[in-house]
Structures are given as structure tokens and as C-alpha cells.
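A look at the structure
Here are the chains, one letter per residue:
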Amino acid sequence: MKISYREAMRQAMHEALAGDPRVFLMGEDVGRYGGTYAVSKGFIEEFGPERIRDTPLSELGFVGAGIGAALGGMRPIVEVMTVNFSLLALDQIVNTAAVLRHMSGGQFSVPLVVRMATGAGRQLAAQHSHSLENWYAHIPGIRVLAPATIGDARGMLAPALADPDPVIIFEHAQLYNLEGELPDDWQCDIARAAVRREGSQVSVFAYGGCLPKAMQAAAELADAGIDAEVVDLRVLRPLDTETIAASVRKTHRAVVVDEGWKSGSLAAEVIARIVEDCFYDLDAPPVRVCSAEVPIPYARHMEEAALPQPAKIVAAVKEMLDA
Amino acid sequence: MLEFKLPSIGSDMDEGKLLEWKIKPGDRVKKGQVVAIVDTSKAAVDVEIWFDGTVHELLIEPGATIPVGTVLATLLAPGEKAGAPAVAAPPAGRRKISPAARKHAEALGVDVDTLAGSGPGGAVMLADVDAAAAQRSLAKPAAPSDRQAEMRKAIAAAMSRSKREIPHYYLAEAIAMERAQAWLSEANAGRPITGRLLMAAFQLKAVALALQKYPEMNGFFRDGAFQPVAAAHIGVAISMRQGGLIAPAIHDVGEKSLDEVMRDLADLVKRARAGSLKSSEMSDPTITVTNLGDQGVEAVYGVIYPPQVALVGFGRIAPRPWVDAAGGLSVAPVLTASLAADHRVSDGHRGALFLAELRDWLQQPEKL
């Protein structure tokens, strides 16, 4: 059955709400409006305002309330509209949720799921176009997920809710309208990266909104006779170094695609691990395809130019192969 | 700091195998001293050094095969202190060799430094190592020391090059050897067998003296121009017992007495067959003399050994009818001397005059 990424995520939440009375959804406009990205449309009618809670415009406040509810035995899904606004809740996430288990000597756990949209590409200008996944992936004590496929959108929420520690799920805003078959085996782990396309000449690593771009680039490269492997990082923290290294050992070349800025990026971390683990397997210097180091522009052509695009990935691979 | 490089010991040599060092760090060496033994495709050769100094470091291990021009050792110039800062230019930058290629090459036993890189910026890639390994497995496994085959190959290369590049012209002259033989018999009469002069020494000396008047037969043709050499370092073609030949030089034949030439010739033949020639003897010949008289042929028209520009051939000395200057007919010992010369450097006219000069010298044994 063909469904959208949005619908897959909606099904996952519906299943969680229907299956576990401890689960509730909280966030800005999730109730009466049905969610900014319409993921929770119809939920308030079905589950009522006790479990589908509209919050004031205070990320600091409602993320903190979510942490409290989790400590109290609930399984909250807190929707922060976008990563841009999550900066206001950084103190709650980084300084409270991520460290409570450690600081309580293991007495408290925070089984919280925070969902947020991320990424650029829709002409929303610099303040609404951030890709700050790497900021969260830096923090011990939380797990960071980036579902990039219909299957992962459907399958990642359940194990995230089952995790006794905080999990952040990044949903790239450009993926919601993605349509595709929901695979039968959509149930998944939240530990391993996934090889989305097998290849032999170069490994292209991507996550979230960049995965479809990497897949498109790989298809174009195949037309040019270049056999590229595409690896979906999926779990940004903790990174699945094993799968990453296995791919590089096979292809001997790595291109990492990341919508974040190059400096201090997740791509930088991936490459550091490749060099640490696979230095003697590399047949070319690893390459990053990241966003231009500017605030993301508003003008469409400039925004497109600033972001990783399939053509840039193709060009990077060809340069690496001298093709 | 001085660099001692592997010299080209003959124009057909591109590489050599270092067999043995005759020096060690700290040794003081003198110009002309034999410092190493190097195996060329033709022979094991004693390599001399051409400057004075103190050995600083031996850079190549015996057993290694290295191209001509490779720095074999560094030496301190006389007066230079060991601790003096090295004046060597900084390396032109590390070659680009991918880590994977380097590791793979090590596993396959491929020398990455000999590989051309096909990657971006000339980087050596995995594919280059695989290609080299495939190439190597295609190539016949080299017989460990098939000296004869190697020598045949070297001769083939030099002779092919000669016939490809050098427009030869050939001249011959019959020379009465009555006086020379008589003089030689007389000179040898009072000598012990080991001290006797051979006609070959006599001929070499005559060639050297004739060259003084016709310098365009003596030297090298290099980079499109003739480079004459004042001294006559005559290469003597010596056939090897196992086949093939070698033509090391007797130096400064024109300056030496007949006795000295004879002694040098005997020594050279002995050492050539024993395989202990010096590098300068291999690289210095300015002209070659070949003598096939012993094999019974009347005349020999040789192929010039590049980059030399001439080769003098002598056949056997045999009794033949001879018309002397007065028109009288007699039977006389006659030698056919031939000249193969490079037409880029000299013309038949000069070649003919050279042969005539050679003939005249052979008529004046007492002046030799």
C-alpha cells in the first residue's frame, strides 16, 4: 500500500496512543489544528484533549513538563514544531533530560520522546531552516534518530517509546510528502545504520532529508557507470560505526552528505571515525557534501545553491574517481 | 655532502644490481678507487668513484637492483664536517599513494614507488597496484641469473640501436705486414714467453696514433652532436667463453708504450673473462677495435657501439700475392683493416685518409 511519510508517522503515533495509556502527545498546535505538519490530524477527536494536549508557545515550559511526566511514569511524545524552536528547550533537553539518570545514580530515567521537524528547502529563510541534528548528536544520554524512509517513519517510534532514556526524532520537513510503499518489514531497530543501495566503488553516507538526494545521485552515477553504495545513517547517536566501516572497507571511498554546515558537522564525525577505523582501506581522501557556511538564504535559487543537491553529490563522486 | 650515483656503465645499461660494497661509512676514498661491485647485464663490474671524500652513508643495500643515476651513497667532501647541515633540497613533497594502495601493495609485494598513479593528482590507487601485480604475473618469472640471455638482450639492444640510428659507411684496406711481423719477431726474440708482444697490441697502438690526426673517429655522438675526445680509450672486443662479447677500454693507448699496451691488454682480457672489470673501462671507450683474425676470417665489417662513432676491424694476417711499390710481385703477409664509421660525423674521404694513416703507422713498427 502506498502511503506518505506523514501518514506513516501518523499511523505510528496512533498505534502508540491506542496501545499504551501512558502515551500522550503534547506540543504547539497538535490538537485542534491537527499539528503544523498535520501528523496528528483527527487525534484530539479520537483520544481527547487529555492525551492530545495543545501547549502555550513555550518550548522551555512544555519540554520540561514532558520530562516531569516521563519521570512520573508516563510515556510522553513531545512535539517541538521545528528544531529552530528547540533551541529554547536546549536547557531542558541537554541539562536535564540527558543527565538525570547519571546525576541520580540510576534512580531516575527519562523515557521521553521528542519529535521535531528539521531542515531547509522550503523558502522559510534563515531562522526557520536550521539543521542542528549534530548539536543533539553531540550529547551523551540521549538517542538521536533521523527516519528518512516510509518504513522508518512507521517503525522508529515504537522502539523510541520503549527506550528508557530520552530519544529525539528528527523529521525532515521535506520528507512529509514523500510517498511510497510501506514495506512489510517496517518494524525496525534504533541501533543500526542501513545500506539503502548496494554498490562497490564509493560509499555515500546520508541521513534524513539528504537520503533521497543521495539515492537520486546514486541512480545518476549508475547511468554514468559508477557503482555507488548508499548508507542511511538513521541513528545519529550513537553512530553505527561498524556498518559505516564495513561499507568503506568494501568500496574504499567515502562521501558524506549532511545538510548541516561543514564545520563541526556530523559529516566531520563520520569521516573522523572512518579515518580512525579504516585508514588503510581508503583509496581516496574522504569528501563532505554539506551546506554552504552561510545563514540559509530565502531566495529560492540561493537556497538551492546553499544546500546539498544530487548534482553536487554526483560531482563530488566523479571528482573523487577522476571520472 | 657529495652524492655517489650509479654510473651508466655502457650505453646499453639502464639499471644494475649492487652486489657488494667495498667501502663503509667513515672510510676515506680517493678518486679512481673501486668502491662497489655492480652487476650489469653483461658482467659484474668494479665501480670506481670520481672524487675524494669520506663515506657518510651507504643508501643502497647489496642485492638491490637500481636504475642508473640512483644515489648509492653520500660522502663528505674533504674538509666537510659530518654534522654540517645537509644541503639536500627538501623533498618535492610526499607522493600521493592512497593508504589502501600502500597496504595492498605491501601485501602483494609490489613496490609502490615504481608505480605511476592514475588517480586525481597522480595519486597511486588500488587499481594501479592491481594493474602492476597483473602485469608482473604476466611477465615471465625472470630466471635468477641467466647471464647469457641477459647479455644477448643487451647486445641486441645496443646493436639494434646502432643500426637504427647510425648511418654506417664501410671502408677496407689491404696492408702488407711484412715489416711489422719482422720487427715483432725481432723484438720478441729476446723475451720470455710471458713478456712477448702480440700483433694485437701493435694494431691498437697504430689505431691510437692514427686517431690523433683524424679526431672525428674518436668520441661520442650524443644529443645530436659529435663530442670528440682527445685521448684514445680503445675498446677491445673480447669474446666471452660462454658466448657474447664485451668491449672494455684500454685507456690512453696513444700515450702508452707498446709494452704497457700489451700488459694492459693481457690484464684486460683476463679480468673480462673473470668478470672483474672496472666501471670506467666499461663506460669510457671512445672507439672499438675488433680482431677476428684468430678465427680465420679475412676481414670484418663491424657494427659501431653507440654512442661511439667508429669501429676498426682486423682480419687475419695471411700470405697473399703482393705488388710492391716498384711493381714487383711477391708473396707477403697481408692484413685487411676495415673501418665502420658514422656518416653523421665523418665522410668516406676522411675515413679513407684515416685508414691510410693507419696503414702507414703499421709500416713503421719502430716508431710505435
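Throughout, residues of each chain are indexed from 1 in the direction in which the sequence is written. Going through the entries in the order they are written, you letter the chains from A and number the ligands from 1. Owing to the predicted nature of the model, reporting of local features is limited to residues with pLDDT of at least 70; listing and counting of side-chain atom pairs is limited to 80 or more, with chain, interface and lining totals taken over all residues.

Here's the deal with the sheet that holds strand β9 (residues 194-197) of chain A
All names here are of chain A. An order of β9-β11-β10-β13-β14 is seen for the five strands of this open sheet, with the pairing classed as mixed. The outermost strands of the open sheet, each flanked by one partner alone, are β9 and β14 (287-291). Taken over all neighbouring pairs, the strand axes of this sheet differ in orientation by 25 degrees on average, direction set aside. At least two bridges found by DSSP between two strands is the condition for calling them paired. Under the scheme used here, helices are H or I runs from DSSP no shorter than 4 residues and strands are E runs no shorter than 2 residues, and both carry numbers assigned from the N terminus. Bridge analysis of strand β13 (residues 254-261) against β14 gives four bridges, and the strand direction is parallel. When the sheet's bridge partners are listed, W261 is paired in β14 with S291. Packing against the sheet, helix α10 (residues 210-223) makes contact with β9, β10 (202-206), β11 (228-232) and β13, and its axis sits at approximately 160 degrees to β10. Interaxial angles span 0 to 180 degrees and are taken between N-to-C directions of axes, which are lines fitted to C-alpha atoms, for helices over the stretch in contact. By definition, residues are in contact whenever their C-beta atoms, placed on the basis of the backbone, come within 7 Å of each other.

Comments concerning the confidence of the model for chain B
All names here are of chain B. As a per-residue measure, pLDDT tells how confident the predictor is, with possible values from 0 to 100. When pLDDT is averaged along chain B, the result is 86, and 94% of the positions lie at 70 or above. Confidence drops under pLDDT 50 across residues 84-91; counting only partners more than four residues distant or on other chains, this segment forms three contacts. With pLDDT under 50 throughout, residues 140-144 is counted as low confidence; its partners more than four residues away or in other chains account for one contact.

Quick word on the nonpolar core
We call a set of buried Ala, Val, Leu, Ile, Met, Phe, Trp, Tyr and Cys residues a nonpolar core when their C-beta atoms link them within 7 Å. To sort residues by exposure, count the other C-beta atoms lying within 10 Å of each residue's C-beta; 20 or more gives buried, 12 or fewer gives exposed, and values between give partly exposed, all with C-beta atoms placed from the backbone. With 109 residues, the main nonpolar core has V204, A214 and V255 of chain A as its most contacted residues. Ranked by size, the runner-up nonpolar core spans 77 residues in total, among them V29, V236, F314 and A337 of chain B.

Section: the interface of chain B and chain A
Taken residue by residue, the interface counts nine residues in chain B and nine residues in chain A. It is helix α1 (residues 99-108) of chain B that provides the largest number of residues to the side of chain B that touches chain A, a total of four residues. Three residue categories are used. Nonpolar comprises Ala, Val, Leu, Ile, Met, Phe, Trp, Tyr, Cys and Pro, charged comprises Asp, Glu, Lys and Arg, and polar comprises the others, including Gly. Along the lines of polarity and charge, the residues of the side of chain B that touches chain A split into six nonpolar, two polar and one charged.

What to know about the environment of V312 of chain B
The residue V312 of chain B is located in strand β18 (residues 310-323) in this model. If sequence neighbours within four positions are ignored, V312 of chain B has contacts with V207, I287, V289, A337 and L339 of chain B.

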